[in-house]
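Close look at the chain arrangement
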Amino acid sequence: MKYLSTTYFAFLATLLGIIAVSSCTQNENIAGAWTGNAVRLENVPDAADASAVITMDYAAPEQSRNNGRGGEVNLSALIDVNQAVSAPNAELVEPYEVSVAATASISGRYVFEDRDDDDVILVLDPATLQVNIDPAGVTYSQNLLTGKQQPELDSLTTATIGCWRVEITKAIRDEFYKYQKISDIEIHHGNILSCEIEDRDYSFRKAQ
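Residues numbered from 1 in each chain as written. Predicted model: local features only at pLDDT ≥ 70, side-chain atom pairs only at ≥ 80, totals over all residues. Heavy atoms only, no water.

Considerations on the overall build of the protein chain
- Counting secondary structure elements, the protein chain contains 3 helices and 10 strands.
- Ordered by position from the N terminus, the helices and strands of the protein chain form the series α-β-β-β-β-β-β-β-α-α-β-β-β.
- Sequence-distant contacts in the protein chain: of pairs separated by 6 or more residues, those separated by 24 or more amount to 62%.
- Total accessible area computed for the protein chain in this model is approximately 12,200 Å², and 53% of it derives from carbon and sulfur atoms. (Helix = DSSP H or I, 4+ residues; strand = E, 2+ residues; numbered from the N terminus. Contact = heavy atoms within 4.5 Å. Areas by Shrake-Rupley, 256 points an atom, 1.4 Å probe, with all protein chains shown as cover.)

As for the environment of A84
- Among the structural elements, A84 can be located in strand β4 (residues 68-85).
- With 37 residues separating them along the chain, A84 and A47 place their C-alpha atoms 7.7 Å apart.
- Ignoring any residue separated from it by four or fewer positions in sequence, one finds A84 in contact with Y96 and E97.

With respect to the pairing of strand β2 (residues 49-58)
- Taking burial as the measure, the 10 residues of β2 include 7 buried ones, the bulk of the element.
- Sheet topology places strand β1 (residues 32-40) next to β2; 7 bridges connect them, and they run antiparallel. By the bridge assignment for β2, W34 is matched with M56. (Buried < 20%, exposed > 50% of the residue type's maximum accessible area, 1.4 Å probe, protein only. Pairing = 2+ DSSP bridges.)

Thoughts on the environment of H188
- Here H188 shows up in strand β8 (residues 181-188).
- The class for H188 is partly exposed, based on a relative accessible area of 30%.
- In this structure, the C-alpha to C-alpha distance between H188 and R205, residues 17 residues apart in sequence, is 9.7 Å.

Some remarks on the nonpolar core
- One finds Y58, I79, L122, I172, F176 and Y179 to be the most contacted residues of the largest nonpolar core, which totals 48 residues.
- Counting residues per element, this core draws most heavily on strand β5 (residues 96-112), which supplies 8 residues.
- Residue contacts for I79: discarding those within four places in its chain leaves L41, S51, A52, V100, A101, A102, A104, I168 and I172. (Core = buried A, V, L, I, M, F, W, Y, C linked by side-chain atoms within 4.5 Å.)

Structural notes on the confidence of the model for the protein chain
- Looking at the protein chain, pLDDT values average 79 and 71% of them are 70 or higher.
- Scored below 50 in pLDDT, residues 8-25 shows 3 contacts in the model against residues more than four places distant or in partner chains. (pLDDT = per-residue confidence, 0-100.)

Brief notes about unusual backbone geometry
- With phi around 60 degrees, H189 is a residue other than glycine that occupies positive phi space.
- Notably, D199 is not glycine yet its phi reads approximately 65 degrees, a positive angle.
- Mapped onto the fold, D199 is located in the loop between β9 (192-197) and β10 (200-206).
- Overall, D199 belongs to the exposed group, its relative accessible area being 70%.

Structural notes on the pairing of β9
- As judged from the 4 bridges shared by β8 and β9, these two strands associate in the antiparallel manner. Bridge pairing links E186 to S194 in β9.
- Turn length for the β8-β9 hairpin, with the two strands adjacent in sequence and antiparallel, is 3 residues, and the turn residue H189 shows positive phi of about 60 degrees.
- Sheet analysis places β9 next to β10, joined by 6 bridges and oriented antiparallel. Residue pairing in the sheet places S194 in a bridge with S203 of β10.
- In this structure, the hairpin formed by β9 and β10 is closed by a connection of 2 residues, where E198 is found at a positive phi of approximately 50 degrees.

Some words on the packing of aromatic side chains
- Considering all chains together, one arrives at 5 aromatic pairs under this definition.
- Ring geometry for Y179 and Y202: centres 6.3 Å apart, planes at 65 degrees, overall edge-to-face. With a gap of 23 residues between them, Y179 in the loop between α3 (150-177) and β8 and Y202 in strand β10 connect regions that are remote in the sequence.
- We classify Y202 as buried; its relative accessible area is 11%.
- Through a chain of ring-to-ring contacts, three or more aromatic side chains come together here, namely Y58, Y110 and F112. (Phe/Tyr/Trp six-rings, centres within 6.5 Å; stacked < 30°, edge-to-face > 60°.)

Below you can see the structure in the form of structure tokens.
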């Protein structure tokens, strides 16, 4: 009986050690940049189509006495917006389409929830939200380009950026805030991360 008890506790200690190592390994595996598939951006009323590709970049997790196990995190996005525009004046006899490419980012900290390595809480700092629209990323359909002089086209681009910055900022802020709770995280083969965000399944690939 004594032998069985000793064997049982030795086995239990070994099992707990394996679980602890596996948990730590899973925690460590989240470190790095993970890029998802394109998702549709909601609440962009003037756009015919708006999408974003989100990248989550996790620093290696560390143990904090006050905040639990976690670290710094940065979310970034590549954004594409398309809009069909009616002819604004007599010089443009046809409607045209404008495409806007933008980038956005926000940073904060993450922590594994209740010592569980498959649920993560993100605390994002709203003051770090940045949205950038490069004038070179604003393009127009060919009929507009051939009918506009460059100074007038530059003026139109400036106005387009001003209008879209407000709508894109609101939309990408809402999208980023969906990531405040990430559940059921699993890492497959070291380079695929699957998870659940707001009751939807997501998949991310680790950047090389």
